[in-house]
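Below are the chains, spelled out letter by letter.
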Amino acid sequence: MEEVTDKHNFTMKFKVDKEKINSAQEIITNVYNSLEEKGYNPINQMVGYILSGDPTYITSFNNARSLIRKIERDELVEELLKSYLQEK
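The paragraphs below set out a description of the structure included in this document. (Residues numbered from 1 in each chain as written. Predicted model: local features only at pLDDT ≥ 70, side-chain atom pairs only at ≥ 80, totals over all residues. Heavy atoms only, no water.)

As a further point, take the packing of helix α2 (residues 42-52) against helix α4 (residues 73-87). The interhelical angle for the contact between α2 and α4, taken along N-to-C directions, is 130°, at an axis separation of 9 Å. By the angle between their axes, α2 is oblique relative to α4. Both α2 and α4 take part in a crossing whose hand is left-handed. Here Y49, I50, L51 and S52 of α2 come into contact with α4, specifically with R73, L76, V77 and L80. When the residues that make up the contact of α2 with α4 are grouped by side-chain class, the tally is six nonpolar, one polar and one charged. (Axes fitted to C-alpha atoms, helices over the stretch in contact; angles between N-to-C directions. Helix = DSSP H or I, 4+ residues; strand = E, 2+ residues; numbered from the N terminus. Parallel < 35°, antiparallel > 145°, perpendicular 65-115°, else oblique. Left-handed = near helix turned anticlockwise from the far one by under 90°. Contact = heavy atoms within 4.5 Å. Nonpolar A, V, L, I, M, F, W, Y, C, P; charged D, E, K, R; others polar.)

Right, here's the structure in full:
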C-alpha cells in the first residue's frame, strides 16, 4: 500500500519572471490611467476585477480590458503587494 503525502504540509514556492513583472507594471499603469480618464475610480474598479474576475469592471477604452486579461489576477496581486511593501 502506498503512503499518501499531504501536500498542504509543505510550502509551495511561487516565482514570477522579471519580464512579466515589468509587463504587469505597465499594464496596471495603463489600465489605471484609462479608468481614470473615463471618470471611474480606478482603485475600486481594479479591486472589483481582482476579487471577482469579471472583466466588465475594466473599461474597454484604450484596450484596457484586453490588456488586464493578459496577466493572471494572482500576478496583479503580487505586483501590487510588492510595490506597496517596497514603499514602506
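Having seen the model, we can carry on.
The subject of this paragraph is the nonpolar core. V31, M46, Y49, I58, I68 and L76 are the most contacted members of the largest nonpolar core, which totals 14 residues. Considering each element in turn, this core owes the most residues, five residues, to helix α1 (residues 18-37). If near-sequence neighbours (up to four positions away) are discounted, I58 is found in contact with V31, L35, Q45, M46, Y49, A64, R65 and I68. (Core = buried A, V, L, I, M, F, W, Y, C linked by side-chain atoms within 4.5 Å. Buried < 20%, exposed > 50% of the residue type's maximum accessible area, 1.4 Å probe, protein only.)

What follows concerns α4. Every α-helix winds through 3.6 residues per turn, so residues three or four apart in the chain are directed the same way. For α4, built from 15 residues, the straight-helix expectation of 21 Å at 1.5 Å per residue is met to within 8% by its first-to-last C-alpha distance of 22 Å. Three or more residues of α4 are buried, namely E75, L76 and E79. An end-on view of α4 places all buried positions within 105° of arc, on one side of the element. (Expected span 1.5 Å × (residues − 1). Arc of directions from axis to C-beta.)

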